[in-house]
Amino acid sequence: MSINIKLEVFEGPFELLFHLIEKNKIDIYDIPIAEITEQYINYIKMMQSLDIDLASEFLVMAATLLEIKSKMLLPKIPKEAEKEEDPREELVKKLLEYKAYKDVTEILKQKLIENERSLCKDSSLADEIIDSFALPDRLSIEILVDKFKELMIRKQSQKDIEHSKIYKDEITVKDKIVEVLKILSIEKMVYFDNLIMNCINKLEAILTFLAILELIKQRKIYVEQASNFDKIIIRRR
Amino acid sequence: MDVKKAKAAIECMLFVSGDPVSLKDLSDVLEIDQETLKKIINQMIDDYKENTRGIKIVEINNSYQLCSKPELYEFVEKLLKPKAKAGLSQASLETLSIIAYKQPVTKSVIDSVRGVKSDACIARLLEKDMIKEVGRADGPGRPILYGTTNTFLRLFGLKSINELPPIKDLFKE
Amino acid sequence: MDVKKAKAAIECMLFVSGDPVSLKDLSDVLEIDQETLKKIINQMIDDYKENTRGIKIVEINNSYQLCSKPELYEFVEKLLKPKAKAGLSQASLETLSIIAYKQPVTKSVIDSVRGVKSDACIARLLEKDMIKEVGRADGPGRPILYGTTNTFLRLFGLKSINELPPIKDLFKE
């Protein structure tokens, strides 16, 4: 039996969400969050089952969707119900902003297609003429040094961008699972707080959280909390 | 100086420069006031429309530059096989739009609008001279601020950033 | 193709190319026989003589190149002189700074730091006696190594290359 899978690849979570919203002909101002969340997570699962590298941002969005879903399930406290805040509002705002840029991008793309066939000359002729002028008796070393610094900074910022790209590709939930298990193979227990505090950014914190959830599901660890707001303790099973 | 000679001198200077030349610089060299000069250049822009001409004058940010006519691109392509196409991915184009409308803007703002990291796109746009660093924002880490370049304006056929197509006002709805 | 369009296409191709383009290449691209083409180009050479034009077509060895009209050079000079304050073009200053700090250095290193080809700049710096060949690097092709000259030291007011201002504090910020 052959299975034909036509899988669209999405650049980011917003693009995927938009695809789902359009596919389901949903009013963006009234998103059925439970349904969309399910579809979204199904898509992610499918990607993972196909071993397609998934940017961690997709997982962050999954967490956000689950959070909104749970908020909407919570019974409203009467006092708060007055100024009833829709938990979806923030997400809708972001989606609309993203859509606005997506729309103008299409217009700009057309403009680019019309104009990129118009070419200009480089400035090498002007450079040649400038260099043909007689040299002054004295040249400024400062200008020369500044030029070199400028070049080095340009090179450096290119390198920085390359590094951050590599960094982004490096962390995955899998890595975090290994890391948590490694800590627990040395220590009997670890505080949830400590794991999160050691993360260098929000993304890493979220990945750590997802790793813990996965490990609980796999019954490799268990968590306990003596009472409300106490420190959460993670232990090996 | 008569208008004919001024036209010849302008064409000559724009040709040699290659890069855009500001109205002010042209005015200083020719000793013609900017208003009169602008009229002459507008006449020239019309002259270039004639169908024996293969080049045109493009206005960018109150500067002028000579460019080839896009409708003749097929010949240039056959002759030189140039890397004319900007070759930007959808992701890079999106990043570029956000920078164009929000400039000056930091990477983290761009990331948050797109919902994904934009490092690779920014690197590509810098490399293509579509954007540049325009300063540093206040605040922790003093992040780099990005803005668009004259190359961006030229390739998108815009005289200035004010000619960007209107974007839906998100906060009015 | 009608003559008008051929003229436009020729102007366009010569403009974008910058370098001389052979009659044969033009004939291949336009699919016009060389004899007819030559007549069209000769007509164009006449057209350019009009006194509103600042450029002209020059024939070199059966190739054609667009050039600025020499009688308008005074305007070019007036436009570019202020930009020559640093004594050299920006491109040449960049090239020279890399050679000064990284000497002895090969062309390919210079190209990679600048992100563009530096052949023309190196040639002009050699001609101005600012740099010289100081040897050959090991490795494939044994590329030429460049270094600065005594003329360089004199013009920048340095006693020796050790007096170049240090730049190591660059990455502290």
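Residues numbered from 1 in each chain as written. Chains lettered and ligands numbered in written order. Predicted model: local features only at pLDDT ≥ 70, side-chain atom pairs only at ≥ 80, totals over all residues. Heavy atoms only, no water.

This part takes up the overall build of chain B. Along the backbone of chain B there are eight helices and six strands. By residue count, 53% of the 173 residues in chain B fall in the buried class. Across chain B, contacts joining residues at least 24 apart in sequence account for 46% of those joining residues at least 6 apart. A total accessible area of about 7800 Å² is found for chain B, and carbon and sulfur atoms account for 49% of it. Averaging the locations of the 27 positively and 25 negatively charged side chains of chain B gives two centres separated by 4 Å. (Helix = DSSP H or I, 4+ residues; strand = E, 2+ residues; numbered from the N terminus. Buried < 20%, exposed > 50% of the residue type's maximum accessible area, 1.4 Å probe, protein only. Contact = heavy atoms within 4.5 Å. Areas by Shrake-Rupley, 256 points an atom, 1.4 Å probe, with all protein chains shown as cover. Lys, Arg positive; Asp, Glu negative; His and termini not counted. Charge placed at Lys NZ, Arg CZ, Asp CG, Glu CD.)

This part is about the interface of chain C and chain B. Taken together, the 34 residues of chain C in the interface contact 33 residues of chain B. Of the roughly 3000 Å² buried at the junction of chain C and chain B (both faces included), carbon and sulfur atoms supply 75%. On the chain C side of the interface with chain B, the three residues burying the most area are Phe15(C), Phe75(C) and Leu79(C), jointly 21% of the side's total. If you look at where chain C meets chain B, you find four salt bridges. Counting every contact that joins chain C to chain B gives eleven residue pairs in polar contact (both at pLDDT 80 or more). If you list the elements that add at least two residues to the side of chain C that touches chain B, you get helix H1 (3-17), helix H2 (23-30), strand E3 (63-68) and helix H4 (73-80) of chain C. A per-element tally of the side of chain C that touches chain B places H1(C) first, with eleven residues. Of the residues belonging to the side of chain C that touches chain B, the class tally is 18 nonpolar, five polar and eleven charged. (Buried area = accessible area lost by both parts, 1.4 Å probe. Salt bridge = Lys/Arg side-chain N within 4 Å of Asp/Glu carboxyl O. Polar contact = N/O pair within 3.5 Å; in protein donor to acceptor, adjacent residues only side chain to side chain. Nonpolar A, V, L, I, M, F, W, Y, C, P; charged D, E, K, R; others polar.)

Another aspect to go through is the sheet that holds strand E3 (residues 233-236) of chain A. All names here are of chain A. The sheet built from three strands is open, its strands ordered E1-E3-E2 with antiparallel pairing. Where the open sheet ends on each side, the last strands, each with one partner, are strand E1 (189-191) and strand E2 (221-224). With strand direction ignored, the average angle separating the axes of adjacent strands in the sheet is 25 degrees. Where E2 lies against E3, four bridges are found, and the strand directions are antiparallel. In the sheet register, Glu224 faces E3, and the bridge partner there is Ile233. (Pairing = 2+ DSSP bridges. Axes fitted to C-alpha atoms, helices over the stretch in contact; angles between N-to-C directions.)

Met13(C), Ile41(C), Ile57(C) and Leu80(C) are the most contacted members of the largest nonpolar core, which totals 65 residues. Setting aside residues no more than four positions away along its own chain, Leu80(C) makes contact with Ala126(A), Ile129(A), Ile130(A), Phe133(A) and Val16(B). By size, the runner-up hydrophobic cluster in this structure holds 42 residues, among which are Phe10(A), Ile36(A), Ile44(A) and Ile212(A). (Core = buried A, V, L, I, M, F, W, Y, C linked by side-chain atoms within 4.5 Å.)

What follows is about the interface of chain A and chain B. Accessible area lost on assembly of the parts is the figure often given for the size of an interface. Counting from both sides, the interface comprises 42 residues of chain A and, opposite them, 52 residues of chain B. Between chain A and chain B, roughly 4200 Å² of surface is buried when both sides are summed, and carbon and sulfur atoms account for 64% of that area. Of all residues in chain A, Tyr101(A), Arg117(A) and Leu119(A) bury the most surface against chain B, accounting for 16% of the area lost on that side. Inspection of the chain A/chain B interface yields three salt bridges. The partner of Lys102(B) in a salt bridge is Glu97(A), and the shortest N-O contact between them spans 3.1 Å. At the boundary of chain A and chain B, one finds 13 residue pairs in polar contact (both at pLDDT 80 or more). Those elements that place two or more of their residues in the side of chain A that touches chain B are helix H1 (13-23), helix H5 (89-115), helix H6 (124-132) and helix H7 (141-170) of chain A. Broken down by element, the residue count for the side of chain A that touches chain B peaks at 19 residues, all from H5(A).

On to the confidence of the model for chain B. For chain B, mean pLDDT is 91; residues scoring 70 or higher make up 94% of the total. Our summary of model confidence lists the complex with pTM equal to 0.75 and ipTM equal to 0.81. (pLDDT = per-residue confidence, 0-100.)

One can find Arg53(B) in the loop between helix H3 (34-47) and strand E2 (55-60). Note on Arg53(B): relative accessible area 9%, which makes it buried. In contact with Arg53(B), not counting residues within four places along its chain, are Glu11(B), Asp47(B), Tyr48(B), Lys69(B), Leu72(B), Ala8(C), Glu11(C) and Arg53(C).

It is the contact of H5(A) with helix H6 (residues 107-114) of chain B, at a shortest axis distance of 8 Å, that shows an interaxial angle of 100 degrees. Taken together, the axes of H5(A) and H6(B) are roughly perpendicular relative to one another. For the pair H5(A) and H6(B), the contacting residues are Lys94(A), Glu97(A), Tyr98(A) and Tyr101(A) in the first and Ser112(B), Val113(B) and Arg114(B) in the second. When the residues that make up the contact of H5(A) with H6(B) are grouped by side-chain class, the tally is three nonpolar, one polar and three charged. (Parallel < 35°, antiparallel > 145°, perpendicular 65-115°, else oblique.)

Next up on the list: the pairing of strand E6 (residues 144-148) of chain C. Residues and elements named next belong to chain C. Among the five residues that make up E6, four are buried, leaving the element largely enclosed by the rest of the structure. Relative to E6, strand E4 (residues 105-106) runs antiparallel, the two being bridged by two bridges. Bridge pairing links Thr106 to Leu145 in E6.

Residues and elements named next belong to chain A. For helix H10 (residues 202-217), which comprises 16 residues, the first-to-last C-alpha distance of 23 Å matches the rise-based estimate of 22 Å (1.5 Å per residue) to within 8%. Looking at H10, one finds that the buried residues are Leu203, Glu204, Ala205, Leu207, Thr208, Ala211, Ile212 and Leu215. Looking one or two residues past H10, Arg219 carries a phi angle of roughly 60 degrees, positive in sign. (Expected span 1.5 Å × (residues − 1).)

By definition, the strands of a sheet pair up through backbone hydrogen bonds, in either a parallel or an antiparallel sense. All names here are of chain B. Read from one edge of the open sheet, three strands run E1-E3-E2, paired in antiparallel fashion. Each end of this open sheet is capped by a strand with a single partner; those strands are strand E1 (21-22) and E2. Inspection of the sheet shows E1 paired to strand E3 (residues 63-68) by two bridges, in the antiparallel sense. Looking at the pairing, Val21 lines up with Tyr64 of E3.

Glancing now at the pattern of salt bridges. Any two side chains of opposite charge can pair if their charged atoms end up close together. For the structure on display, the rule yields 35 salt bridges over all chains. Each member of the salt-bridge network shares a partner with another, and the members are Glu11(A), Lys102(A), Glu94(B) and Arg114(B).

Right, let's talk about unusual backbone geometry for a bit. The linkage connecting Gln103(B) with the following residue, Pro104(B), adopts the cis geometry, with an omega of -5 degrees. A positive phi angle, close to 60 degrees, is found at Arg219(A), a residue other than glycine. Tracing the chain through its elements places Arg219(A) in the loop between H10 and E2. By relative accessible area, which is 58% here, Arg219(A) ends up exposed. A positive phi is found at Asn62(B), a non-glycine position, where the angle reads about 60 degrees. Within the fold, Asn62(B) resides in the loop between E2 and E3. Residue Asn62(B) is classed as partly exposed on the basis of its relative accessible area of 42%.

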